[in-house]
Amino acid sequence: MSRTRTALALGMAAAGALSLASVTASAAPLAAAGSTTVTPAGHSFKATLSGKATLKAGSVTVTCTVSVSTGTVPAAPGNHNAAGPVSSPISPPTYSSCTSSMPGVTPTVTTSGAWSVSMQDGSPITATMTVPVGGLVLKTTGLASCTVTAAPTAAPAVGGTWANGAPSSLTFTNASVPVKVTGGFGCPTSATSSTFNAVYLVADTTDPAQQITVGP
């Protein structure tokens, strides 16, 4: 799969609250995930980058201004989970019109594999995109020849947030993605993680008059 299916299927992070009991402090059990419903059931969607997406590894930042992904909300009753997130497979997001912070260097991004995204209702609504092993590879040519492979050994859950609207939006802010960097002079080969920033606008392509919405 070398196209875009904005991964609308990724996990959410739960945090445990600390409570004090007399003199000792102990961590309270993690709260159970609430119910989630994504609507309209069975509708296809398209996620289109708004502004720019950046991937920073070490001192090098790659910026892309075009990115698209598509997917489908699960058909009922799969669009509802009484005790957790709703997940969907998505096409690998495509990235183009990319530039590098390194002068004289041209980056190219390719994606492949089984991507997915999961939505969890809450405040805020959380979104988790799963990147398959080796599912994104960034290569540079010119003054520096580098290869940056995302998710080199395991499929990470890249955390973001969802906002219902017209259209709804999916935002990744300084999301951490494990990477492996190879290459010669100028390549950030010591970097083992990168930060990803992007905002996608998500439109219902089955019925453009409707919106993809996440609720309880």
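What counts, and at which threshold
- Residues numbered from 1 in each chain as written.
- Predicted model: local features only at pLDDT ≥ 70, side-chain atom pairs only at ≥ 80, totals over all residues.
- Heavy atoms only, no water.
- Helix = DSSP H or I, 4+ residues; strand = E, 2+ residues; numbered from the N terminus.
- Buried < 20%, exposed > 50% of the residue type's maximum accessible area, 1.4 Å probe, protein only.
- Contact = heavy atoms within 4.5 Å.
- Pairing = 2+ DSSP bridges.
- Disulfide = S-S within 2.5 Å.
- Phe/Tyr/Trp six-rings, centres within 6.5 Å; stacked < 30°, edge-to-face > 60°.
- Polar contact = N/O pair within 3.5 Å; in protein donor to acceptor, adjacent residues only side chain to side chain.

Asks: Please clarify how the overall build of the chain should be interpreted in this entry.
Replies: When helices and strands are counted, the chain shows zero helices and 18 strands. When burial is assessed residue by residue, the chain has 42% of its 216 residues classed as buried. Once local pairs closer than 6 in sequence are excluded, the contacts in the chain between residues at least 24 apart make up 71%.

Asks: Help me understand the sheet that holds strand β7 (residues 80-81) in this model?
Replies: Strands belonging to one sheet form pairs held by backbone hydrogen bonds; the direction of such a pair is parallel or antiparallel. Ordered by their spatial adjacency, three strands build an open sheet running β7-β3-β18, and the pairing between neighbours is antiparallel. Taken across any chain shown, the strands that pair with only one partner, and hence form the sheet edges, are β7 and β18 (213-215). Where strand β3 (residues 36-39) and β7 come together, two bridges link them in antiparallel fashion. Note on β7: the bridge partner recorded for T37 is H80.

Asks: Would you mind showing me how to read the state of the cysteines here?
Replies: By definition, a disulfide links the sulfur atoms of two cysteines through a covalent bond. Evaluated as defined, the whole model comprises two disulfides. Paired by a disulfide, C146 and C187 hold their sulfur atoms 2.0 Å apart. Of note, the bridge from C146 to C187 carries an S-S torsion of about -90 degrees and is left-handed in sense. You can see C146 sitting in strand β14 (residues 146-150) and its partner C187 sitting in the loop between β16 (168-183) and β17 (193-204), a full 41 residues away along the chain. Across the pair, exposure class does not vary: C146 and C187 are buried alike. In the chain, the bonded cysteines, taken in the order they occur along the sequence, pair up as 1-2, 3-4.

Asks: Just checking my understanding: could you explain the packing of aromatic side chains for this structure?
Replies: A full pass over the atoms with the stated rule returns one aromatic pair. When the centroid spacing of 5.6 Å and the interplanar angle of 45 degrees are considered together, the rings of F172 and F196 count as tilted. Placement of the pair is F172 in strand β16 and F196 in strand β17, with a sequence separation of 24 residues. Judged by relative accessible area, F172 falls into the buried class, the value being 2%. Residue class for F196 comes out buried when judged on its relative accessible area of 8%.

Asks: Would you explain the side chain of S100 in this entry?
Replies: Assignment of secondary structure puts S100 in strand β9 (residues 94-100). Judged by its relative accessible area of 17%, S100 is buried. A polar contact of 3.0 Å, which involves the side chain of S100, links it to the backbone nitrogen of M102. Ignoring anything within four residues of it in the chain, the contact list for S100 reads V60, T61, V105 and P107.

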